[in-house]
Amino acid sequence: MSESTTPPDSLEELAAADPTPWRRLSLRMVPAALIRAVLGLIPAAIAYFLLGDTGTGSLIALGIGALSLLGPVGYVLRYLRFRYRIVGGELQVTSGLATRTVQRIPLHRIRTVDISAKPVLRIFSLALLTIGTGQQVESGAGALSLDAIRAHEAAQLRAELLAGARRAAEARGETTAPIDDAAQVAAAASGADAPSAAAAIPAPDEDRSVAHALGPQAQTGDVGTPAAEPAPPGERTVLRMDWTWLRYRLFSAWTVVVPMIIIGFAFQFGPLIGIEPETWFDWFFTSVIGAVPPVVWVAALVVAVLVIGGIGGSLQFIEAWWGYRLVHEPEGRYLVRRGLLTTRSLTIDPERLRGVTLTEALTTRLLRGATLAPIVTGISMAQQMSESGAMTPTTSRTASTRLAEALLGEPVLAQERLAPGWLVAHPPVARRRIVVRYQLWNLLLAIALGAAWWFWSWTPWLLVAPAALAVLLVPAALANGRTLGHRIHEGSLTARRGFFWRRTDVVQLRGISGAHVTQSVLQRRLGLASVVATTAAGEKHYTVVDVALGTAAELAAQLGGPQFAEEPELLLATGAAGPERPHPSGTGQHGTLLTDG
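> Explain helix α18 (residues 428-456) to me, please; I cannot follow it from the model alone.
In an α-helix there are 3.6 residues to a turn, and that puts residues three or four apart on one side. With 29 residues, α18 extends 42 Å between its outermost C-alpha atoms, agreeing within 8% with the 42 Å of an ideal straight helix rising 1.5 Å per residue. Buried residues belonging to α18 abut α19 (464-483), α20 (521-526), β21 (528-535) and β22 (541-548). Once α18 ends, the next one or two residues include Ser 457, with phi positive near 60 degrees.

> Looking at this structure, I do not really get the pattern of salt bridges. What am I missing?
Where charged atoms from two side chains of opposite charge approach closely, those side chains can pair. Tallied over the entire structure, the rule returns 13 salt bridges. Residues Arg 104 and Glu 90 are paired through a salt bridge, measuring 2.9 Å at the closest nitrogen-oxygen approach. Taken as a pair, Arg 104 in strand β5 (residues 101-106) and Glu 90 in strand β4 (residues 90-95) lie far apart in primary sequence, 14 residues in all. Judged by relative accessible area, Arg 104 falls into the partly exposed class, the value being 35%. For Glu 90, a relative accessible area of 13% corresponds to the buried category. In this structure, Glu 490 and Arg 417 form a salt bridge, with 3.1 Å as the shortest nitrogen-oxygen distance. Of this pair, Glu 490 sits in the loop between β17 (485-489) and β18 (492-497) while Arg 417 sits in helix α17 (residues 415-418), placing them 73 residues apart in sequence. For Glu 490, a relative accessible area of 42% translates into the label partly exposed. The class of Arg 417 is buried, set by a relative accessible area of 10%.

> Which parts of the structure should I look at to understand the packing of α18 against α19?
A packed helix pair is summarised by two numbers, namely the angle formed by the two axes and the spacing between the axes. Contact geometry of α18 with α19 gives a least axis separation of 8 Å together with a crossing angle of 155 degrees. It follows from the interaxial angle that α18 and α19 lie roughly antiparallel. Considering the relative orientation of α18 and α19, their crossing is right-handed. Residues Arg 431, Ile 434, Val 435, Tyr 438, Gln 439, Asn 442, Leu 445, Ala 446 and Leu 449 of α18 touch α19, and the partners they reach there are Pro 466, Leu 469, Ala 470, Leu 473, Val 474, Ala 476, Ala 477, Leu 478, Asn 480, Gly 481 and Arg 482.

> Would you mind going over the side chain of Arg 397 with me for this structure?
Tracing the chain through its elements places Arg 397 in helix α16 (residues 397-408). Accessibility expressed as a relative area gives 18% for Arg 397, which makes it buried. Contact partners of Arg 397, with chain neighbours within four places excluded, come to Leu 358, Glu 360, Arg 368, Gly 369, Ala 370, Leu 413, Gln 415 and Leu 418.

> Teacher, can you tell me more about a nonpolar patch on the surface here?
Where nonpolar side chains cluster on the molecular surface, the patch consists of Leu 41, Leu 69, Val 73, Leu 77, Leu 80 and Leu 97 and spans about 490 Å² of accessible area. With respect to the element layout, Leu 41 can be found in the loop between α2 (29-40) and α3 (42-51).

> Help me out: how do you make sense of the sheet that holds strand β8 (residues 143-150) in this one?
Hydrogen bonds between backbone atoms are what pair the strands of a sheet, whose relative direction is either parallel or antiparallel. Sheet architecture is open: seven strands sit in the order β8-β7-β6-β12-β11-β10-β9, paired in antiparallel fashion. A single partner strand is all that each edge strand has here, and the edge strands are β8 and β9 (236-240). Across this sheet, the average inter-strand angle for adjacent strands is 20 degrees, counted without regard to direction. Here four bridges tie β9 to strand β10 (residues 325-328), and the two strands are oriented antiparallel to one another. Residue pairing in the sheet places Thr 237 in a bridge with Val 327 of β10.

About the thresholds
- Residues numbered from 1 in each chain as written.
- Predicted model: local features only at pLDDT ≥ 70, side-chain atom pairs only at ≥ 80, totals over all residues.
- Heavy atoms only, no water.
- Helix = DSSP H or I, 4+ residues; strand = E, 2+ residues; numbered from the N terminus.
- Expected span 1.5 Å × (residues − 1).
- Contact = heavy atoms within 4.5 Å.
- Salt bridge = Lys/Arg side-chain N within 4 Å of Asp/Glu carboxyl O.
- Buried < 20%, exposed > 50% of the residue type's maximum accessible area, 1.4 Å probe, protein only.
- Axes fitted to C-alpha atoms, helices over the stretch in contact; angles between N-to-C directions.
- Parallel < 35°, antiparallel > 145°, perpendicular 65-115°, else oblique.
- Left-handed = near helix turned anticlockwise from the far one by under 90°.
- Patch = residues over 30% accessible without salt bridge, like charges linked within 9 Å, V, L, I, M, F, W, Y side chains within 5 Å.
- Areas by Shrake-Rupley, 256 points an atom, 1.4 Å probe, with all protein chains shown as cover.
- Pairing = 2+ DSSP bridges.

This is the structure in structure tokens:
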């Protein structure tokens, strides 16, 4: 993002160079700031209530109140000096009181324009518009926020910026052509810098479409979901909410997290309203556990956790994904809209797609569900790891695989590709290593529970858990070893691992900038290694774990450089570097060394 600080006379010269008027934020931000200030005083009131009317308590409450007002006051002052406009193929923004800052962002560098609105902004029909340029994605500094603009103006500005960005990119010759002919397909398969297959989605008047690729989901979300209202001209609905997806959230981590949060709040704030959680727990452990069989009270606890966690997880899912729609815009981008209290939108540029990641928790997999996440360049790591950057909720596996096919233009997650025998299996010693690793974690659990029984007189029945797990973890580890695999096929690296939390990564070779091989002490003794493919997209690195040393060298040679195919054992022993070589894409990128990890 181009950013510079200029004196006032230079700013006047900038304004004089073009008479286009500057735009301002909405004055409605003032009452919005007042509501934020009132809400910000709530922690101060709680502190005063807890600490009482003492000198120290009053000072702490006063300090919290003063700090809570700094944000709303700065929010209002921002209105006085914040201006923006679109001029000469760039977005110009001026801000600052003491120090005046001018930001000039060429439109061709704009990658995403997202809109969100928290409840306070929605009260006044305002929105927050975030513009991403794809730079400094680790810290998220490559994003510019226009806070408190009217909701309809935010939608218009988003369309204006994206249209201008596309025209500017076309003028610079940066558009991406579809992969249509055999030469381009061959180039993509060999790792050449071919355009993304996702960009090959046809124009609205052609027969092929994202809706066609997804089948019935394009019109009805998933089985049983009624068709929605007609989309705007040229906009196609790819996927919409199916409330049967709620079942996946009911059997997720929220089922355990929500009860723990409730118990924590009960212990922290219960005494303030006359509730003594310690008394309840003492009664439970002395009366209930001693009066009923263990099977009964354990079953009652499990049911209570499932009910409380299920309700909490459902409420969170409804708030986050209410009104979910994934649409394909006429310009080629994908747009996600969702949210009940806080509305959110997310823009995905298919030209920046470099693959997908499919994750399947054990409970979700048993229910035939999965979560698909795009691997995209130009999105900050914070957004990549948060739910605000999610393209879909946990959906049916069928919907996820069809969406991946629509995004990348090929059936990268088709069942036949992930069936036994298609992926390159890892050696048997890798499976034995998984068994040992699972049992080591179980041994640590047994030691911890044994110590609790010995030192704190916990019930010895708890030791039944590691004894049962010692048996159950063996088939789990073997299943993990059977699904472990990788393959390079048609210009993409596919890697799969995990049992309790299985993930399948499909990364296009054109997005991989290099590779390195790591070995732990145990891997070195077993003749295994892990290959890490580095990329500028997504999580920045994707790992193929526990492959034979010779296979690791061959795989790293395909991903990072031919030096890995030459005496891999010597490279591991000495850490010597091989010669640099151009990346298959021809961009001059090169692989890295084999290292001990």
